[in-house]
Amino acid sequence: MSNVAEVARPARKVTTLAQLTPSQIDAIRKIPAEKDAVVVPFGATRPNAIFTGQERFDLEQEKIFRRYPVPVTVSALLEPGSIVANESYGFPMLVSRTRDGTIRAFVNACQHKGSKLLEDCAVHKQGRVTCPYHAWTYGIDGKLIGVSRSEAFQDFDKSQRGLAELEAREWGGIVYVQLNRDIPADWSNLSQQVAEDFTAIGIPSAHVYGRKSFDLKANWKVVLEPFLEGYHVQRLHAASIGDKFQDAPNIVDMFGPNIRQVSGRIGYVPEMLDEDPATNVHKLVTHAYTAFPNCVVVTSQYYTSVMLLMPRGPDRTTVEYFMLTPEAASTPKAEEVFARSYELILSVFGGEDFRAAEISQQGLNAGVPEETVYCGLETNIVRYYEAIEALL
């Protein structure tokens, strides 16, 4: 969602229609002109308690967020030989990429007294980490490689004191980690089609232009809802980006508990797709994905937004936001476009979408409405809830 197309047109990698997956192309070719779009009346409700109740939050934690692997960062954040700490789920973890390119994840706890090894969220380009408490040192592959005054320990075997490992996997440029070490990871809800789509739009090979964490006073589903519907766009975003998007239903596909939405930008007509094969397809259409269970991806003309909505309580969510560009800015004009895009999207998501979530949560916490109601421009919300509810 960017309205900075007029700032400059620096040379850069772009995604053309032909570079997308056949499934993406098929969906895009179904998008009608806005004048031909039809809104079908729809009615569904959900009870207030799914957004406010401790019981529902605990059930989601047990059946989803501690049962299945969850997204923790983007692949592009970690170069070979680097490590980062993450505690956004309320669980201390380390994610590293070893020098051979392998993604690893561990509990961020020293095997001596449990102290955190890294206490910030910066990416560290280094091959080892040292505990600040007693200076035990580990390789970023998890092996214990150094113990201060090791002669003071009786019958001590360093090979048995490596970091506690968590199952991790890269999926379409997103790093997923199994937080529960007591059960094997079940990857069955991650769609191969969505992973191929993410690869086609360049997420695995992207450059992380910016990242920011938001601590929101809202349930994770309240934060998620605007990214599953277009009803709000011309209203909530009237002063920012609302005039860039159609007020019409999206073309929707579901792949298990994963949703792909595609929509035409304002003025779109299908004939535009074939006018110039070299055109950046993101100038014409927007992709919006909700990948299981809490990963949001939205394409824009010059960048892609990735948001990970991490539940921390019935009315608290940590959002990790990443702005990905096809490559690092190579010219001053490119830097100007990226910088203004980053400023814009933080103001739109942070100042509008996230603000709407927080002020909605205040009403929900007061018990109003007793049931939320959804219309024909919000059907994707209900589809996603049905998929999630089937797992509870």
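Keep in mind it's a predicted model, so treat the numbers as computed, not measured.

### Overview of the overall build of the protein chain
Helices and strands together make up the secondary structure of the protein chain, namely 8 helices and 19 strands. Here the C-alpha radius of gyration of the protein chain, 22 Å, is about what a compact globule of 392 residues would show, namely 21 Å. If you line up the protein chain on its principal axes, its C-alpha atoms span 80 × 50 × 35 Å. Looking at the protein chain residue by residue over its 392 residues, the buried ones come to 54%. Pairs at least 24 residues apart make up 67% of the contacts formed inside the protein chain by residues separated by at least 6 positions. Approximately 16800 Å² of the protein chain is accessible, and the part contributed by carbon and sulfur atoms is 49%. For the protein chain, the distance from the average position of its 39 positive side-chain charges to the average position of its 48 negative side-chain charges is 5 Å.

### What about the pairing of strand β5 (residues 103-107)?
Each regular strand shows side chains that alternate between the opposite faces of the sheet. Burial runs high along β5: 4 of the 5 residues are buried. Here strand β4 (residues 93-97) runs beside β5; their pairing, made up of 5 bridges, is antiparallel. Across the sheet, residue M93 finds its bridge partner in β5, namely V107. Linking β4 back to β5 in an antiparallel pair, the connection comprises 5 residues, with G101 at a positive phi of about 95 degrees.

### Looking at the packing of aromatic side chains
Summed over the entire model, instances satisfying the criterion amount to 16 aromatic pairs. On the numbers, 5.6 Å between centres and 85 degrees between planes, the contact of Y68 with F292 is edge-to-face. Placement of Y68 in the loop between α3 (54-65) and β2 (70-74) and of F292 in the loop between β15 (285-291) and β16 (295-299) is noted, with a sequence separation of 224 residues between them. Each member of the pair, Y68 as well as F292, is classed as buried. Taken together through their ring pairs, the aromatic side chains of F214, F227, Y321, F349 and F354 make up a single cluster. R67 extends its terminal NZ or CZ atom over the ring of Y68, reaching a point 5.0 Å from the ring centre. For the cation-ring pair, K212 lies above F214, with the distance from its terminal atom to the ring centre recorded as 5.5 Å.

### A few points about the sheet that holds strand β7 (residues 137-139)
If you walk across this open sheet you meet the 3 strands as β6-β7-β8, and the pairing is antiparallel. Strands at the two margins of the open sheet, each flanked by one partner only, are β6 (128-130) and β8 (144-146). For this sheet, the mean inter-axis angle between neighbouring strands, taken without regard to orientation, is 35 degrees. When β7 meets β8, the two strands line up antiparallel, connected through 2 bridges. Among the inter-strand pairings, Y138 is bridged to a residue of β8, identified as L144.

### A look at the environment of A135
Along the chain, A135 turns up in the loop between β6 and β7. Sequence-wise, A135 and H112 are 23 residues apart; in three dimensions their C-alpha atoms are separated by 9.9 Å.

### Let's talk about the confidence of the model for the protein chain
On average, residues of the protein chain score 94 in pLDDT, and 97% of them reach the 70 mark or higher. Across residues 1-11, where pLDDT falls below 50, the model places 39 contacts with residues more than four positions away in sequence or in other chains.

### Considerations on the side chain of R265
Its place among the elements puts R265 in the loop between β14 (259-264) and β15. For R265, a relative accessible area of 8% puts it in the buried group. Among the polar contacts listed, one links the side chain of R265 to the backbone oxygen of K283, at a separation of 3.4 Å.

### A few points about the pattern of salt bridges
In total, this model carries 15 salt bridges according to the counting rule given. Note that R56 is salt-bridged to E60, the shortest N-O span being 2.8 Å. With a gap of 4 residues between them, R56 and E60 both fall in helix α3, about one helical turn apart. Considered together, R56 and E60 belong to a single accessibility category, that of buried residues. E165 is the salt-bridge partner of R104, the closest N and O atoms lying 2.6 Å from each other. With R104 in strand β5 and E165 in strand β9 (residues 165-166), this residue pair connects regions lying 61 residues apart in the sequence. Relative accessible area serves as the criterion here: at 22%, R104 is assigned to the partly exposed category. Members of the salt-bridge network, linked through shared partners, are R56, E60 and K221.

Thresholds applied
Residues numbered from 1 in each chain as written. Predicted model: local features only at pLDDT ≥ 70, side-chain atom pairs only at ≥ 80, totals over all residues. Heavy atoms only, no water. Helix = DSSP H or I, 4+ residues; strand = E, 2+ residues; numbered from the N terminus. Rg over C-alpha atoms; globule rule 2.2 N^0.38 Å. Buried < 20%, exposed > 50% of the residue type's maximum accessible area, 1.4 Å probe, protein only. Contact = heavy atoms within 4.5 Å. Areas by Shrake-Rupley, 256 points an atom, 1.4 Å probe, with all protein chains shown as cover. Lys, Arg positive; Asp, Glu negative; His and termini not counted. Charge placed at Lys NZ, Arg CZ, Asp CG, Glu CD. Pairing = 2+ DSSP bridges. Phe/Tyr/Trp six-rings, centres within 6.5 Å; stacked < 30°, edge-to-face > 60°. Lys NZ or Arg CZ within 6 Å of the ring centre and 35° of its normal. Axes fitted to C-alpha atoms, helices over the stretch in contact; angles between N-to-C directions. pLDDT = per-residue confidence, 0-100. Polar contact = N/O pair within 3.5 Å; in protein donor to acceptor, adjacent residues only side chain to side chain. Salt bridge = Lys/Arg side-chain N within 4 Å of Asp/Glu carboxyl O.

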